[in-house]
Amino acid sequence: MEKLVNLKINNIPVTVPEGSTILKAAHDSGIKIPTLCYLRDVNEIGACRICVVEVKGARSLVAACVYPVSEGMEVFTNTPKVRNSRRLTLELILSNHRMACLTCPRSKHCELLALADEFGIEAVRYAGDDMQPRIENTSLHLIRDNSKCVLCRRCVTTCRNIQEVGVIGPNDRGFDTHISCAFDRDLCEVDCISCGQCINSCPTGALAEQDDTDKVWAALNDPKKHVVVGTAPAVRAALGESFGMPIGTNVEGQMVTALRRLGFDKVFDVDHAADLTIMEEGTEFLHRLQGEGSLPMITSCSPGWIRYCEQHYGDQLDHLSTCKSPQQMFGSMVKTYYAQKCGIDPKDIVVVTIMPCVAKKYEVQRQEQRLPNGCMPVDISITTRELARMITSAGLLFDYLPKGRFDELLGISTGAAVIFGATGGVMEAALRTVAATLLGDENAPLEFKDVRGTEKGMDSIRVAEYELPGRTVKVCVASGISNAKKIMDDIRAGTCEYDFIEIMACPGGCINGGGQPLHTSYEQDYIDIRGLRAGALYNQDESMSLRKSHHNPMVKKLYEEFLGEPCGHKSHELLHTHYIPRKKHIL
Ligand code: SF4
Ligand code: SF4
Ligand code: SF4
């Protein structure tokens, strides 16, 4: 039985489980203690001293985020001594901070700015260094500005402990301490996989995505260009958060209207290409089950995951599905089928995608994805956050926008495609079509809840077995690189029993991508953001009449009119790719 501890917080009796920290005990009793470096289960290092409290009998203030409760303890969270200490700490941090809030991408969600406001700091009493921008801008996905870094190390522990990539850390000592890669190498020179999870962890504007919105505005304002946009499944489940809507609100209709009003010539749904991916990937899997190719087959939708696999498991690349990701399939269809159908030179088309992901910025420039007509499938990939900024700067009042519908040609999709945005979604979508192919639609199950993160835990590795004619198929779903590593080590050791594996780089899948709307540590700690966003997608799936990719009438038409058959010659030319072992950077 769980042992309980009795203590008093601000003279109120409280009973909490043994081992709780003061921070948790206070939260569970309805008291919020401010934090800055703390991120639950990720960064619990008691470094910033913003969360200090008084404990009766203790010689000095203690950091509530790491200090355990004990029987009879008396804690005070709001005394003059506590408030003065927190304020002093904050002023010292601010004295060494380049305060450029007016132009900072983080200003609406900055935890440092919120603390300064909370403490009523209008002027800083201490003069620090004359802070100049200290910008590292070498990668395609991320910008670091160490003049806005508070050295909380949330990015470091996220990269090292959550993703187990570990390419950033503190360099130098004392006043010169700064976060960067080992030996101050550029981010583009190390094994960063572009997942952007460090951006989501950062409390300030020290980390941000590369902003490509100017390129999109330039294309929209170029009368010679035909500008087509496509949105990924997970974007609709999160975009509303940027406009104050509750987490988990599905804003597909308003998003479509906003994109049209921004001036895009066509507004398509990348979900359509997700259905196409299932047709190709499902067929590829059936071929592999018949002995044509390596098993297990692993999904290839997540560019962060692909980059990690190429860097660390270059000897196992035959397990990756050769399918391009839905983003790249979408661009490939726009620059070939759509261009041909509309009589537009593909070189005059600009394809923009809206993604929950910053690694997609890296994926669009992968040369292996170039089409036979010489075009790259996608020209510009922007994140959910960048789209929100474009909508705001265009003066569109998002909450008031009527609901629009995607343009038809590449805009019709099924529920199977919608759930791509959540961990387990690609696997479930593929199983719906694979089972229907082998058992017939009437006998095949529609839902495969065993693989859903919403049912089994977002961070879990889910495994399931399904009886299909002639054999049992074993599947596995994992998200986050630390989980992926375990599976890949089994494959390398020859001990992996699975036939089909879904891997996504970001924990929880695309709904938690590095380009999604940001939340404070408090929200990240206490709200099931991933579950709510995933729930929005599963609800949409349930409400749809078409829920299997092979039922998508526009995908059927695409094969009839243009592609021929799944995994046929033309598909291979346009929709499949190859992978390259990339040298692991040795430091
Ligand atoms: S990080 Fe926060 S405090 Fe610093 S410039 Fe940006 S918004 Fe302002
Ligand atoms: S983008 Fe991902 S891999 Fe790169 S530094 Fe950030 S957390 Fe680490
Ligand atoms: S970059 Fe952001 S998350 Fe990393 S240490 Fe600096 S402030 Fe913290």
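This is a predicted model, so every value here is computed, not measured.

Draft legend 1. Expanded view of the domain arrangement of the protein. Domain annotation of the protein identifies domain 1 (4–92), domain 2 (96–209) and domain 3 (214–575). One C-alpha centre belongs to domain 1, the other to domain 3; they are set 43 Å apart.

Draft legend 2. Structural view of the site of ligand 1. Taken together, 13 residues sit near ligand 1, with Cys101, Cys104, Cys110, Thr204 and Gly205 positioned nearest. Residue composition of the shell around ligand 1, grouped by class: 7 nonpolar, 4 polar and 2 charged.

Draft legend 3. View of the site of ligand 2. Close to ligand 2 lie 14 residues, the nearest being Cys159, Val165, Cys192, Cys195 and Cys198. The class makeup of the residues in the shell around ligand 2 is 9 nonpolar, 5 polar and no charged.

Draft legend 4. Structural detail: the environment of tyrosine 337. Along the chain, tyrosine 337 turns up in helix 11 (residues 326–342). You can call tyrosine 337 partly exposed: it has 19 C-beta atoms within 10 Å. Linking tyrosine 337 and leucine 558, residues 221 residues apart in sequence, is a C-alpha distance of 8.1 Å. Setting aside its immediate chain neighbours within four residues, tyrosine 337 contacts Leu558 and Phe562.

Draft legend 5. Spotlight on the sheet that holds strand 3 (residues 52–55). As summarised here, the arrangement of the 5 strands in space is 2-1-5-3-4, forming an open sheet in which the pairing is mixed. Strand pairing shows two members of the sheet lacking a second neighbour, strand 2 (12–17) and strand 4 (62–63), which therefore form its edges. Where strand 3 and strand 5 (residues 74–76) come together, 2 bridges link them in antiparallel fashion. Bridge pairing in strand 5 places glutamate 54 opposite phenylalanine 76. Taken strand by strand, helix 2 (residues 80–95) contacts strand 3 and strand 5, and its axis lies near 155° from that of strand 3.

Conventions we followed
- Residue positions are counted from 1 within each chain, in the order its sequence is given.
- Just so you know, chain letters begin at A and ligand numbers begin at 1, following the order they were written in.
- Note on the predicted model: pLDDT of at least 70 is required for a residue's local features to be given, and 80 or more for side-chain atom pairs to be given and counted; whole-chain, interface and lining totals, by contrast, use all residues.
- For the domain bounds, the source is a domain assignment made automatically or taken from a database.
- The criterion for a residue being near a molecule or strand is simple: its C-beta atom, placed using the backbone, must lie within 6 Å of it.
- For this classification, Asp, Glu, Lys and Arg are treated as charged, while Ala, Val, Leu, Ile, Met, Phe, Trp, Tyr, Cys and Pro are nonpolar and the rest, including Gly, are polar.
- Runs of E in the DSSP output that reach at least two residues are strands. Runs of H or I that reach at least four are helices, and both are numbered from the N terminus.
- Field definition: a residue is buried when 20 or more other C-beta atoms are found within 10 Å of its C-beta, exposed when 12 or fewer are, and partly exposed for counts in between, with C-beta atoms placed from the backbone.
- C-beta atoms are placed from the backbone for every residue, and two residues are taken to be in contact when these atoms lie within 7 Å.
- The pairing criterion for strands is at least two bridges between them, as found by DSSP.
- Axis definition: a line fitted to C-alpha atoms, over the contacting stretch in the case of helices. Angles run 0 to 180 degrees between N-to-C directions.

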